[in-house]
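Given next are the chains, with one letter for each unit.
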Amino acid sequence: PRSKRFQVCGAALCCRVIALIVLNARCRKGNQLSGAFQHPAVLGALQARLNGLVGKPSSYIADLPADVKRRLNALKNIQDKHSELESKFREEVLALEKKYLTKHQPLYDQRAKIVTGEVEPADKDCEREPDSDDEGEEVASMDIFFELIFIHYSYQAPKPASSTKTKGVPEFWLTALKTNGPISEFITERDEEALKSLINIKYSFLADNPGFKLEFFFDDNEFFTNKKLEKTYFLINSPDTAYGDVVYDHAEGTKIEWKEDKDLSVTVEVKTQRHKTTNKTRTIKKTVPSETFFSFFNPPKLPKEEDEDAEEGIDEKLEQDYEIGEIIKDKIIPHAVDWFTGKALQYEEDDYDEFDEDDEFDGEDGEDDDDDEDGAGADGEKPAECKQQ
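In the annotation of an unreviewed UniProt entry, the protein is listed under the name Nucleosome assembly protein and assigned to Physocladia obscura. According to its UniProt record, the protein has this under Sequence similarities (unreviewed entry): "Belongs to the nucleosome assembly protein (NAP) family."

Draft legend 1. Structural detail: the pairing of strand β5 (residues 266-274). Taken together, the nine bridges between β5 and strand β6 (residues 281-289) define a ladder with antiparallel strand orientation. Bridging from a neighbouring strand, V266 pairs with P289 of β6. Linking two consecutive strands that pair antiparallel, namely β5 and β6, is a turn of six residues; a positive phi of about 65 degrees is found at N279 within it.

Draft legend 2. The pattern of salt bridges, seen in detail. Going through the model one piece at a time under the given rule, you end up with 11 salt bridges. Put simply, D67 and R71 hold a salt bridge, and the shortest N to O gap is 3.6 Å. Taken as a pair, D67 and R71 lie in helix α5 (residues 66-116) at a separation of four residues, close to a single helical turn. Residue class for D67 comes out partly exposed when judged on its relative accessible area of 40%. Here D125 and K124 are joined by a salt bridge, their closest N and O atoms 3.4 Å apart. Among the charged side chains, a salt-bridge network with shared partners connects E215, K228 and E230.

Draft legend 3. Up close: helix α8 (residues 172-179). Most of α8 sits out of view: eight of its eight residues are buried. Along α8, the positions that sit buried rather than exposed are F172, W173, L174, T175, A176, L177, K178 and T179.

Draft legend 4. How the structure looks around the nonpolar core. Core analysis: the biggest nonpolar cluster contains 46 residues, and I183, L214, F216, F294 and I328 have the highest contact counts within it. Element by element, the count of residues in this core is highest for helix α12 (residues 314-332), at seven residues. Here F294 is in contact with D191, A194, L195, F218, F224, L229, I256, W258 and L264, once residues within four sequence places are set aside.

What counts and what doesn't
- Sequence order as written defines residue numbering, which begins from 1 separately in each chain.
- Where totals are concerned, whole chains, interfaces and linings use all residues; where local detail is concerned, this predicted model gives features only for residues with pLDDT of at least 70, and gives and counts side-chain atom pairs only at 80 or more.
- To get the side-chain values, take all heavy atoms of the structure and skip hydrogens and water.
- UniProt positions are given in the numbering used here, feature names are shortened, and annotations may be inferred rather than shown by experiment.
- At least two bridges found by DSSP between two strands are what make those strands a pair.
- Numbered from the N terminus, helices here are DSSP runs of H or I no shorter than four residues, and strands are runs of E no shorter than two.
- A pairing counts as a salt bridge when a side-chain nitrogen of Lys or Arg comes within 4 Å of a carboxyl oxygen of Asp or Glu.
- Classification of residues uses two cut-offs on accessible area relative to the type maximum, computed with a 1.4 Å probe and protein chains only: under 20% is buried, over 50% is exposed, and between them is partly exposed.
- Joining through side-chain atoms within 4.5 Å is the link that ties buried Ala, Val, Leu, Ile, Met, Phe, Trp, Tyr and Cys residues into a set, and such a set is a nonpolar core.
- Should any heavy atoms of two residues lie within 4.5 Å, those residues are considered in contact.

See below:
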C-alpha cells in the first residue's frame, strides 16, 4: 500500500508541474496558449518525461566526481548498517514493552473491578496521604481549575438520590477521555450517553506485527449490541524505514451493530413533500453522515485508485487517527485515574511552561515590528530623513 501511495503522490506532483508550465505559457502569450502546449501529444510526452524523473537523484549527485561517488557509496553502506541496528533496537523496545504490559495488566484488572463496582477496595487499600493537588488543596493553575470545572459539570448526569448507593466510579472512562484535549474534540453530546456505558479499555500487542490493538468494553446500552469494540493498528518495522521510526500501514475496526434509530454516525433529516397535482403530502427520511467519536472504529483508508481528489487530506486523517490511538494506549490507559481527576492536565501543561504569552523575543521579528512602526509608511516610502540625497 505504501509504494502505491507514493506513486499516486508522484503522479499528482507531475500534474501540478504541468499546470505551472501551462500557466507560465499563458502568461507569456497574453493568456493564449502557444500551439505546442495546445497539442495533447506534447502534453502527454511532457507527463511521461516528468513521471520518469520521480524518485531519481538530482543532477548535483549525478555530476559529482567519481571518487566522491565512491565515498558516498561507503557512507550509504554505513547508513544501511545503522538502519539495521535501529530496526533491532525497535524490536527490543517492543519486547520490553510487552514484558512490562504483562506486569501492568494485573493492576489494570484490579482497577477495572473497582471502577465497575465488582470489588469494593479494603480500607487499607484506600489509605493515602493527601496529594497537593487532591480535592480541597490549592490548584496549581487557574487554567486547569476552570477547565476541570467545565469538564466535570458541563455534561455531568444528575446526582442520584441520597438513599441510592453509588456503584463503582460512574462515568470513569467518559470523564478520562473528555479530559484529554485531542480526544474530547471528537466526543459529541450524543456520544456522551453511549460512552457512559464504557466500563474498561485495554490494549495489547500483536503477535506478528509491531502494531497494537485497543479494546473498548461496554455495558448494556440503548445504542448498540456490541459488548466489545476493537481498533487494531498495523505498523511496519523495516530497515528500509527512514529515520528510525516504524511506519503506519493500516488500521481495522469493529463494525458497530447499531440498534434501530440509534446510529450515532448519521442523523436523520425529515422532509415533507407535496404533490403538485393531487396536493397530497408525503414524508421523506434522509440519513446524512454525522460527526461522532465512534467513527474511530471505521478508520480512514487509502484510496484504491489513483484519485487525486480522494488523496486530498488523507494524510492528515491517517495521522490524526493514529495519534488518537497512541494517546489512548500511552496516556489514557496507563494513567486513567489522573485523567479522571484532571491531574494529568498539569503534566500536559508543563510541556508549555517554558514559554509565556507575554514573553518578548529579541531579534529579527522585533526589529521588523519596529521598522513597521517607525519606518516605511502605508505606501512603502521611507521617511524623508532616510531617503538618499
